[in-house]
Amino acid sequence: MTKKEREKLEPIINAADNMAEFMERVSADDEQFTSGGQVNMTALKGMTSAIKELAAVIRNVNDIPTKAEKDAAQMAKEKFRMDRERLEREDSPEEIRVIIQGAEDWDG
């Protein structure tokens, strides 16, 4: 990420950091997730969803790939390397064929 891109994203990055700190404080408060001695599943699901979405935002603005994205990039790199090696073997300079279509009859 360039410095200019980072500057443009700075407000979003700061907001994401602030939200992460807020969510950390809220998640530490048991009363936020209990009601009458029972777990408030709606609040718990909401917080889980918010954390997941916030993590995605933080990864995107900081250009941090997920494990799946890293694995996919590594597989693509490996496939490219194998394809290049295969093409190098097939394009060996042992034999060159030239096909001229639509040429005049040179023999006569």
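In this text, all values refer to a predicted model and were calculated from it rather than measured experimentally.

One pass over the full model with this rule turns up 5 salt bridges. Here Asp71 and Lys67 are joined by a salt bridge, their closest N and O atoms 3.0 Å apart. Here Lys67 and Asp71 lie together in helix H3 (residues 67–90), a separation of 4 residues that amounts to about one turn. The class for Lys67 is exposed, based on a relative accessible area of 61%. The closest approach of N and O atoms between Arg81 and Glu85, which form a salt bridge, is 2.6 Å. Taken as a pair, Arg81 and Glu85 lie in helix H3 at a separation of 4 residues, close to a single helical turn. According to the relative accessible area criterion, Arg81 is partly exposed, its value standing at 29%.

Conventions used here
Residues numbered from 1 in each chain as written. Predicted model: local features only at pLDDT ≥ 70, side-chain atom pairs only at ≥ 80, totals over all residues. Heavy atoms only, no water. Salt bridge = Lys/Arg side-chain N within 4 Å of Asp/Glu carboxyl O. Helix = DSSP H or I, 4+ residues; strand = E, 2+ residues; numbered from the N terminus. Buried < 20%, exposed > 50% of the residue type's maximum accessible area, 1.4 Å probe, protein only.

That's the geometry; what it means functionally is another story.
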